[in-house]
Amino acid sequence: SVSEKDLLLKEVHHRVKNNLQVIASLLGLQKAGITDEREAQTLEEFRNRVNSMALVHDALYRSSEFDNIDIATYVVGLTDKLQVAFKQADAPVKLVTDIPEITLSVDIAVPCGLMINELVTNALKYAFPDPAQSNKTIFIRISKITTDDVRMEVIDNGVGIPEPVVWDSVHSLGLYLVKLLSEGQLMGSVKLLSGEGSHFVIEFPLHPNFD
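On a predicted model such as this, the values are computed, not experimentally measured, just so you know. (Residues numbered from 1 in each chain as written. Predicted model: local features only at pLDDT ≥ 70, side-chain atom pairs only at ≥ 80, totals over all residues. Heavy atoms only, no water.)

Caption draft 1: Up close: the nonpolar core. Formed by 45 residues in total, the largest nonpolar core has its most connected members in Val-120 and Ile-138. Among the elements of the structure, α2 (37-62), α3 (71-85), α4 (106-127), β4 (137-146), β5 (149-156), α5 (173-185) and β7 (198-205) are those that each provide at least two residues to this core. The element that contributes the greatest number of residues to this core is α4, accounting for twelve residues. Every residue in contact with Ile-138, bar those within four places of it in the chain, is listed here: Val-93, Lys-94, Leu-95, Val-96, Val-120, Ala-123, Leu-124, Phe-128, Val-154, Ile-155 and Asp-156. (Core = buried A, V, L, I, M, F, W, Y, C linked by side-chain atoms within 4.5 Å. Buried < 20%, exposed > 50% of the residue type's maximum accessible area, 1.4 Å probe, protein only. Helix = DSSP H or I, 4+ residues; strand = E, 2+ residues; numbered from the N terminus. Contact = heavy atoms within 4.5 Å.)

Spelled out as C-alpha cells, the structure:
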C-alpha cells in the first residue's frame, strides 16, 4: 500500500513536470515566430516562470521525499537555466549561492522559485547595462533566522533600482509578482535595502497558515 502510494506520487510529479515542460516548449515555439523584440522577451519571461515550476516537480520526482525538496539544489538548477536564457558572451554574470541544507515543501518552494526567477531575471536584464563590465555578481542567500522563519536574499552589484520603487504596478510585473507571492502567498514580507546595487530581503514562516 505504501509502495503503491509512493509510486503514484512520483508519477503525478513526473506528469506535472512533463505538462509544464510542454507549455514551456509551446511558448518557445511561439517566440520563434515573433519578430518584435519586446514581445519575444515577454514570452521568454513567461517560459522561464513555467520552467521554474517544472523544476520543482522534477526535484520532487527525484527526491526520496515527495512533498519536500532540497532548496539549494533546486536554486542552482534554476539559476543555471536563467544564465543560459540571458547569456552574456563578453563578461558573463557570476551567480553565487549560499544556501544550507534546508528542505521546503512544494507549497513554499514554488513561490520561492518564482520570486528568485523574477529577481534574478531583473538583475540579468537591467543591473549591468555595460556588457563588458567585469566582476558582475548576483548573490542568492537563504537562511533560517529562527526555527520557524526563513530569510531569502537576492543581491547584485549592479546599477541599482531607481527610487521610489513601485511594487503595486502591473507595469513592473516582476516586482508586483514578488510582492504578491511574498505577502499574499507566503504570509511574509519583502523589502529593498538602500545602498549600492540592489538588495532584496524576503522573510516568511516555514509553515504559513494557508487556510
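Caption draft 2: Spatial organisation of the packing of aromatic side chains. Within this structure, the stated rule accounts for zero aromatic pairs. The ring of Phe-46 carries the charged tip of Arg-49 above its face, separated from the ring centre by 4.9 Å. (Phe/Tyr/Trp six-rings, centres within 6.5 Å; stacked < 30°, edge-to-face > 60°. Lys NZ or Arg CZ within 6 Å of the ring centre and 35° of its normal.)

Caption draft 3: Up close: a nonpolar patch on the surface. Nonpolar side chains collect at one region of the surface, where Val-22, Leu-26 and Leu-29 lie side by side and expose about 310 Å² of accessible area between them. Here Leu-26 is to be found in helix α1 (residues 2-32). Of the residues examined, Leu-26 reaches a relative accessible area of 52% and is grouped as exposed. (Patch = residues over 30% accessible without salt bridge, like charges linked within 9 Å, V, L, I, M, F, W, Y side chains within 5 Å. Areas by Shrake-Rupley, 256 points an atom, 1.4 Å probe, with all protein chains shown as cover. Salt bridge = Lys/Arg side-chain N within 4 Å of Asp/Glu carboxyl O.)

Caption draft 4: View of the side chain of Asp-156. By the element assignment, Asp-156 lies in strand β5. A polar contact is formed between the side chain of Asp-156 and the backbone nitrogen of Gly-158, at a distance of 2.8 Å. Within polar-contact distance, the side chain of Asp-156 engages the side chain of Ser-198 at 2.3 Å. (Polar contact = N/O pair within 3.5 Å; in protein donor to acceptor, adjacent residues only side chain to side chain.)

So, to be careful, I would describe these as geometric facts and stop short of saying anything about function.
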